Amino acid sequence: MTSTHSQFVTDDAESDIDYEKAQRGVRLLLEAVGEDPGSDALAETWQRRVPDALETLTAGQREAEKPTMRTFDAETTDLVVKTGIPVYSLCEHHLLPFFGTVHLAYRPTDEVVGLSKLTRYVRWQSRQLTMQEQLTNDIASGLEAELDAATVFVEMNATHLCEAMRGVETKSTTTTRATVGEPTEAERERFRAAVKRAGGQR
């Protein structure tokens, strides 16, 4: 192996993953399926492209990558609802993506967070090898801890490429939900109604 990470990086930042191991691993995988890693078409695949992608797609495993959850004094303790947050993650069983949308809500205590931070937080949590059920719980419990929220709802609807591209080879949607705290029935109904509206239902 003659190429190294430094030949393909334009800044001085250190990689957050073991770049050389990633390069060796991708090269071995290419060889395992009968490809030639030395070909012009695949040289940068193992040298740069896949290691760079893996660094991005595992950012949720690193606390330093977590977005700063800047908060503001809450003027109300009414439920804050945000729907239709895009989510992309990697199944830890087959290393294939699952993707879809996240709907969430929380009841603040003393502080609220900027709405864009909710999207950034979901994106950060999703960038790891995980299962949909675990990711849904991680988002709910993580937001409860970050915001000291009294109640958090999370619903995730996702399609798994490990089902669509292999196995049963059928595209379907899996729904998972997590709730932290003790929401009122009115809050449950408000969240359900918001999710229905986001899905075009009445």
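Residues numbered from 1 in each chain as written. Predicted model: local features only at pLDDT ≥ 70, side-chain atom pairs only at ≥ 80, totals over all residues. Heavy atoms only, no water.

Engineer: Explain helix 4 (residues 132-147) here, please?
Structural biologist: Owing to its 3.6 residues per turn, the α-helix brings residues three or four apart onto one side. Helix length check: helix 4, at 16 residues, gives a terminal C-alpha distance of 22 Å against a target of 22 Å (1.5 Å per residue), a fit within 8%. Those residues of helix 4 lying buried are Gln132, Leu135, Thr136, Ile139, Ala140, Gly142, Leu143 and Leu147. Taken from the residues just after helix 4, Asp148 is the one with a positive phi, measuring 50°. (Helix = DSSP H or I, 4+ residues; strand = E, 2+ residues; numbered from the N terminus. Expected span 1.5 Å × (residues − 1). Buried < 20%, exposed > 50% of the residue type's maximum accessible area, 1.4 Å probe, protein only.)

Engineer: Would you mind going over the packing of helix 3 (residues 115-126) against helix 4 with me for this structure?
Structural biologist: To describe two helices that pack against each other, one gives the angle between their axes and the distance between the axes. Here helix 3 crosses helix 4 at 130°, and the two axes come no closer than 10 Å. One way to sum up the angle between helix 3 and helix 4 is to call them oblique. Both helix 3 and helix 4 take part in a crossing whose hand is right-handed. On helix 4, the residues touching Leu118, Tyr121, Val122, Gln125 and Ser126 of helix 3 are Leu135, Asp138, Ile139, Gly142, Leu143, Glu146 and Leu147. A per-class count over the contact of helix 3 with helix 4 returns seven nonpolar, three polar and two charged. (Axes fitted to C-alpha atoms, helices over the stretch in contact; angles between N-to-C directions. Parallel < 35°, antiparallel > 145°, perpendicular 65-115°, else oblique. Left-handed = near helix turned anticlockwise from the far one by under 90°. Contact = heavy atoms within 4.5 Å. Nonpolar A, V, L, I, M, F, W, Y, C, P; charged D, E, K, R; others polar.)

Engineer: Looking at this structure, I do not really get the side chain of Ser89. What am I missing?
Structural biologist: Relative to the helices and strands, Ser89 is located in strand 2 (residues 80-91). A polar side-chain atom of Ser89 sits 3.3 Å from the main-chain carbonyl oxygen of Gln128. If sequence neighbours within four positions are ignored, Ser89 has contacts with Leu96, Pro97, Phe98, Ser126, Gln128, Thr130 and Leu135. (Polar contact = N/O pair within 3.5 Å; in protein donor to acceptor, adjacent residues only side chain to side chain.)

Engineer: Got a minute to help me understand the pattern of salt bridges in this structure?
Structural biologist: Should the charged atoms of two oppositely charged side chains come close, the side chains can pair. For the coordinates displayed, the defined rule picks out 10 salt bridges. Asp16 is paired through a salt bridge with Arg62; the nearest N and O atoms lie 3.7 Å apart. Of this pair, Asp16 sits in the segment before helix 1 (19-32) while Arg62 sits in the loop between helix 2 (43-57) and strand 1 (71-73); the two residues are 46 residues apart in sequence, bridging distant segments of the chain. Accessibility expressed as a relative area gives 41% for Asp16, which makes it partly exposed. (Salt bridge = Lys/Arg side-chain N within 4 Å of Asp/Glu carboxyl O.)

Engineer: Explain the packing of aromatic side chains to me, please; I cannot follow it from the model alone.
Structural biologist: Aromatic rings in a pair are described by how distant their centres are and how their planes are angled relative to each other. Inspection of every chain in the model, using the stated rule, returns three aromatic pairs. Each ring, one from Tyr121 and one from Trp124, has its centre 5.7 Å from the other, and the planes form 50°; the classification is tilted. On the criterion of helical spacing, the pair formed by Tyr121 and Trp124 is a turn pair, its members being three residues apart in helix 3. On the basis of relative accessibility, which here comes to 2%, the residue Tyr121 falls in the buried class. (Phe/Tyr/Trp six-rings, centres within 6.5 Å; stacked < 30°, edge-to-face > 60°.)

Engineer: It is not clear to me how the state of the cysteines should be interpreted in this structure. Could you clarify?
Structural biologist: Taken as a whole and judged by the stated rule, the model has zero disulfides. Cysteine Cys91 shares no disulfide, and the gap to the nearest cysteine sulfur, in Cys162, comes to 4.3 Å. (Disulfide = S-S within 2.5 Å.)

Engineer: Help me out: how do you make sense of the pairing of strand 2 in this one?
Structural biologist: Taken residue by residue, a regular strand's side chains alternate between the two faces of the sheet. Pairing analysis gives nine bridges linking strand 2 to strand 3 (residues 97-107), with the strands arranged antiparallel. Counterpart to Val87 in the pairing with strand 3 is Gly100. The loop that links strand 2 with its antiparallel partner strand 3 comprises five residues; one of these, Leu95, has a positive phi angle of about 60°. Strand direction decides the pairing type here: strand 2 and strand 5 (residues 129-130), joined by two bridges, are parallel. For Leu90, the partnering residue across the bridge sits in strand 5 and is Leu129. (Pairing = 2+ DSSP bridges.)

Engineer: Sorry if this is basic, but what is going on with the nonpolar core here?
Structural biologist: Grouped burial of nonpolar side chains is what soluble globular proteins tend to show. Ranked by size, the top nonpolar core spans 26 residues in total, and within it Val102, Leu104, Tyr106, Ile139, Leu143, Leu147 and Met156 carry the most contacts. Of all the elements in the fold, those that place two or more residues in this core are strand 2, strand 3, helix 3, helix 4 and strand 6 (151-160). Examining the composition of this core, we find that five residues originate from one element, helix 4, more than from any other. Once you skip the residues sitting within four places of it in the chain, Leu143 turns out to touch Met69, Leu104, Leu118, Tyr121, Asp148 and Val152. Grouped together as the second largest cluster of nonpolar side chains are five residues, Leu79, Phe153, Phe191 and Val195 included. (Core = buried A, V, L, I, M, F, W, Y, C linked by side-chain atoms within 4.5 Å.)

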